Each structure stands twice: as structure tokens, then as C-alpha cells.
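Residue-level listing of the chains:
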Amino acid sequence: MSDLYRELILDHYKNPRNHGELDPCDAHAQGQNPLCGDDVSITMNFSGDDVSEIRFTGRGCAISQAAASMLMELVEGKTVAEVAELPKEELLDEIGVPLAKNPARLKCALLSLGVVKLALHRARGTALPEEWAGFEER
Amino acid sequence: MSSLTTPTALDVPRIRADFPVFEERFNGRELAFLDSANSSQKPRHVLEGLTEFYEHSYSNVHRAVYELGERATAAYEGAREKVRVLLGADSTREIVFTRNGTEALNLVAYAWGLSELGPGDVVVSTVLEHHSNFVPWQYVAKRSGAEFAMLGADAAGELDLEQLDEIERRGRIRLVALGLISNSIGTVNPVEEVAAWAREREALTVVDACQAAPHRQLDVATLGADFVALTGHKMLGPSGIGVLWGRQELLSAMEPFNLGGEMIRSVSERETTWNELPNKFEAGTPPIAQAYGLGLAVDYLTNVGLDRIEAHEHDLTVYAMEQLATAEGVSVLGPPPERRGGIVSFTIDCAHPHDVAQILDSHGVAVRAGHHCTQPAMEHFGIPATTRASFYLYNTREDVDRLLEGLAGVRATFG
Ligand SMILES: Cc1ncc(COP(=O)(O)O)c(C=O)c1O
């Protein structure tokens, strides 16, 4: 179970990428995971169809914060459509640790992705897929 | 250190042998289960007794005329009597079975609160409460136009009773809801003193004893409370069973809670009348086997001796606090061992509580991490969450040593 904390995760946790806040920004959303008390807030800017800049702030467990940091690298430079379609699996592959047997921690890992989807949905009106519906209620 | 040298009268190895879960191996090791405040493990006496009950005595209660029905009813009502004795209550009419502790507290909030409270009234809860003794009061206060007041605590997590004077100036005090032992940091609250204060103001006291009943001898009269709530799964019993004790005259005068079968005396289009106590508050088919199982758990606890259990846990708490004081970066929340139950909540400077719990799991140590359903208390301490170790009759100093070993692992990963 400690392989949850492989080097890459700890590195992102201790040295988060794209940490901060864009002000002004084109899109913003925030989300919480009530289990861990994780909290992630994401701001983005668009340039044409691209997500040109993305930043996050947050607090919480290493999984949620490292996943948010990894997501920044995944998203920046992609088109809005690509990010709207970005499957969970791609982020989970990036995280690269076995979370399947650990649904609680899966929520930590996917928090930031849900927040990104919500931010896009609000700013660009892209559909918020059913699996992320819970994020809108928060 | 072996439990054999633990300076208490409890024969812990023998007790552990009664709990099948300790035969399991987790990551190759015996389980150091330090999460009983969340839910306890179950002894064979309860597990086997339940199987036997289902095999030989199960049917619905109170309505079957055949022999099986009589056995089931006797088992269910027998459990009520055991709980009555456990709490020192006068009558089984005062013992209401519920689904859990949460439902017991909601019962009072809805049945008493919604019809008794109104503008100008004040309901008091505390910053240390579990959400189940906080949110219902906040909610019924809002619904009824009463004021909700939260009694605060000091830096050590002990209630600041001086605030009661200020709270009293806000209106007529009608009810004070407080826990006997805080589930998130372990504080033992001065319930008798608060109940006496409430009584002088003709206000009621609701005591959440979910964390106390499993670990110490209680007596409802001594507490001076009007209602006491407990939950079975934290005291070696099954989940799905809770208890509300209430003073008979209050329960009698109260509106019902859930409505339906079993709780009525007669029903017609024009009017429905309520059953006698405690059935008035037990609508529908109750948790039959769960109540019986709770009775078995009470037998087991009484047999071991709640005083000895309390002393044993105190010893472990003192030991754990000594050990944690030497651990780098660890801060323990809450009062000194003299005024705390068997609960030790802490933070470690290098890691989030959930990551701590996860790494401890890889060492075969089970603890809880989170806000423990006490967000106001977490806010009071200015933290989102803690890691919590809690003790019960089957724990040993070795379990505490395993905790410390696991925390060294946390340092190695995150430090
Ligand atoms: C102090 C306290 N009160 C109430 C409860 C609620 O008990 P239950 O979850 O069984 O309803 C708990 C346990 O979660 C608790 O620790």
C-alpha cells in the first residue's frame, strides 16, 4: 500500500507544478472531497480553442494534491475539446499507483479532474458528463 | 512490550482470543486495531449467539402467537432489560431501541424539539459534538424559530463553561445537548455540572454517550440527564441498533417520531392513538437480532467489567501520550489523560492525516483519519483533520508500539 507514495507522487506533492491562481481568468471552479477534506481550486485561461494557462491551489492529502499537479501538465496546451473529453484513465495512468481497490482514495485522485470539467462546463458550456454530476452540487 | 506486563487486571490475551478478527493477518501481521471509536470488533459470544438466535429463535416480535414468536419477543425484550440494568434506568419503558446513536438523537430533536421549541428559546450544543448531536439541534432550531448556540472550548479542547452566562442572555434556555466523551479528541465533558446548570433553568439535557457507554460504567441518574443516546456497534454489538434512554414522563408527553405499525394503539380514519412506551417510539419491525446481539455484548462487557476496561484504556492512553510526546513532529490534541477517554488524536507536521493512516495501514495498524464528523471541533483547532488512535479492551501496549513504528515509516516517506 505504501507504493501509493512512489517517488513521482511525493515529488509532485512537495513541488507542485502550476501552483497558483490566474487573475483575471477565463474559467474557475472549486471542489471538495468531504472524506479527506481535500480542497482544490482551479483557474484557466483560453487562447482560441486551447487551454493556454492553468493553475491550481488546494490543500489535502498527498494523492489529491499530487494528482492536481500532474493534471496541470496533462491539460496545459490541450484544446478545450480535448480536455472536456479527457478520460479518468489518462490521469490515473499518469498517477500510476493502484487505486482500484481503494475507492476512497480514488476520489482524492480524481478531485482535480472533476473541478477542471466543471470549470470548462461553466465557462464554455461543454457538457458535464453524468459521472461528474456530483461536482455541480457542491 | 508484551501485554502480559501491562499493569492492569485485564487478561488481554484471553480477551483477544475471543475476537476472531485477531486471527486474520494484514500485510502479514496481526492487526493493531486502533479504531474502536469508529466501530468496535465483535467477540464470539456475540457472533455465535446471533447465529444461534437466527437458527432457533427468529421471527418477528410482538405479533406472532406461535412459539418462535414468543422466543423472539423474549430475546428482544430481554435485551431491553439488559440495557436498562447497564444504564441504571428505572424501567424498560424508558429504553427505546433505534437504528443507531444518530437516530436516537434525531428522535429527541424531532419529537421533542419540533413541537416544544419556538422563538425566544435557545438550544445549546457544543463545539466538540459529533455532527449527530449538533446538526439536528441546529436544524430544529432553525425550523422552529429558536436560537442555536454553540458552547465553545479552550485551547486544550475542554468546554468553556463560562460562556454559558453569555449564552443565557440570548433567551430562554430549553435544552443542552452534549457528549460525555468527545469522539474526535477524547475530552470527558463535565456532564453532571452542565446538567445541573440546565436543570436550574428548567432546561433539558441530552447526553450523547456513544463514546462513553462502551468504555465506562454509566448511571443515568448520576449523570442528571433527561435523555441519553448510545450506539450498539461501538460496544461490541452489531450495527443497526442504538438506544435512547429518556425520562418516562418526558417520553410519555412527547409527540411520536416515526409513524406506522407497532407504534399505534388504534387507527381509524378520524383518529389514531399511540401505543404505550417504549413501543410508541419503535415504529415498524425493529432491529430484532441486532437488539439481541447488543444484549449479548452487554453481557460480555459486564462480565469483563466496565471499570476494569476503563482502567485498562486509561493505562494505554497514558502510555500512548508518553510515546507520542517523543515522536518527532507529532502534536497531540486535547486534554491530559485524567480528563480524556481512550482516544488520542494527533497531527504530524510532514503529512496529511489520510496519508498517515494509509501508511499505517501498510504496517498493519488501523486508525481513523479525517474530521471524525466533528467539523466545528476541527475548525476550533484550525485544522482540517487529524489521525486518531482509539483503544478498547483488546488493545495492548504492543499496539501502541506498532503505531509508533508506523509513524517512523511516515517520517521516512514524507519527512
Ligand atoms: C460521539 C458520537 N456520537 C454519535 C455517533 C453516531 O453513532 P452512529 O454512527 O452509530 O449513529 C458517533 C459515532 O459515529 C459518535 O462518536
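Residues numbered from 1 in each chain as written. Chains lettered and ligands numbered in written order. Predicted model: local features only at pLDDT ≥ 70, side-chain atom pairs only at ≥ 80, totals over all residues. Heavy atoms only, no water.

**Q** Just checking my understanding: could you explain the interface of chain A and chain B for this structure?
**A** Interface size, as often reported, equals the accessible area lost upon joining of the parts. Between chain A and chain B, the residue contacts involve 18 residues of the former and 13 residues of the latter. Note on chain A versus chain B: buried area summed over both sides is about 1300 Å², and carbon and sulfur give 53% of it. The tally of links from chain A across to chain B stands at 1 salt bridge. Across the chain A-chain B interface, the total number found is 5 residue pairs in polar contact (both at pLDDT 80 or more). Looking at the side of chain A that touches chain B, the elements that each hand over two or more residues are α1 (7-14) and α2 (62-75) of chain A. With 3 residues, α1 of chain A is the single largest residue contributor to the side of chain A that touches chain B. Class assignment of the residues belonging to the side of chain A that touches chain B gives a composition of 11 nonpolar, 3 polar and 4 charged. (Contact = heavy atoms within 4.5 Å. Buried area = accessible area lost by both parts, 1.4 Å probe. Salt bridge = Lys/Arg side-chain N within 4 Å of Asp/Glu carboxyl O. Polar contact = N/O pair within 3.5 Å; in protein donor to acceptor, adjacent residues only side chain to side chain. Helix = DSSP H or I, 4+ residues; strand = E, 2+ residues; numbered from the N terminus. Nonpolar A, V, L, I, M, F, W, Y, C, P; charged D, E, K, R; others polar.)

**Q** Help me out: how do you make sense of the sheet that holds strand β10 (residues 242-246) of chain B in this one?
**A** In a beta sheet, neighbouring strands pair by backbone hydrogen bonds and run either parallel or antiparallel. Residue and element names in this part refer to chain B. Pairing within the open sheet is mixed, and its 7 strands lie in the order β4-β10-β9-β8-β7-β5-β6. Of all the strands in the sheet, just β4 (95-98) and β6 (147-151) have a single pairing partner and so form its edges. This sheet shows a mean twist of 20 degrees between the axes of neighbouring strands, independent of strand direction. Strand direction decides the pairing type here: strand β5 (residues 121-126) and β6, joined by 5 bridges, are parallel. Its bridge partner lying in β6, Val124 is registered against Ala149. (Pairing = 2+ DSSP bridges. Axes fitted to C-alpha atoms, helices over the stretch in contact; angles between N-to-C directions.)

**Q** Help me understand helix α11 (residues 306-325) of chain B in this model?
**A** Every α-helical turn comprises 3.6 residues, leaving residues that sit three or four positions apart pointing alike. Residue and element names in this part refer to chain B. Under the 1.5 Å per step criterion, the end-to-end length of α11 is 28 Å for 20 residues, consistent within 8% with the ideal 28 Å. The set of residues buried in α11 consists of Leu306, Ile309, His312, Glu313, Asp315, Leu316, Thr317, Tyr319, Ala320, Met321 and Leu324. Where α11 is buried, its residues touch α1 (12-17), α3 (67-87), α10 (288-304), β13 (330-332), β14 (343-348) and α14 (397-414). (Expected span 1.5 Å × (residues − 1). Buried < 20%, exposed > 50% of the residue type's maximum accessible area, 1.4 Å probe, protein only.)

**Q** What is the right way to look at helix α4 (residues 101-116) of chain B in this model?
**A** All names here are of chain B. With 16 residues, α4 should reach 22 Å at 1.5 Å per residue; the first-to-last C-alpha distance of 22 Å fits that figure. Gly101, Glu103, Ala104, Leu105, Asn106, Leu107, Val108, Ala109, Ala111, Trp112 and Gly113 are the residues of α4 that are buried. Buried residues along α4 sit in contact with β4, α5 (135-144), β7 (172-179), β8 (204-208), β9 (227-231) and β10. Capping of α4 at its N-terminal end is provided by Asn100; its side-chain oxygen lies 3.2 Å from the backbone amide nitrogen of Thr102.

**Q** Just to check I follow, could you spell out the domain arrangement of chain B for this structure?
**A** Residue and element names in this part refer to chain B. Domain boundaries in chain B define domain 1 (50-302) and domain 2 (305-414). Taken together, the contact between domain 1 and domain 2 spans 34 residues of the former and 30 residues of the latter. Between domain 1 and domain 2 the total buried area reaches about 2500 Å² when both faces are included, carbon and sulfur atoms providing 58% of it. Inspection of the domain 1/domain 2 interface yields 2 salt bridges. Glu158 is the partner of Arg339 in a salt bridge, and the nearest nitrogen-oxygen pair spans 2.7 Å. Put simply, domain 1 and domain 2 have 18 residue pairs in polar contact (both at pLDDT 80 or more) between them. (Domains from an automatic or database assignment.)

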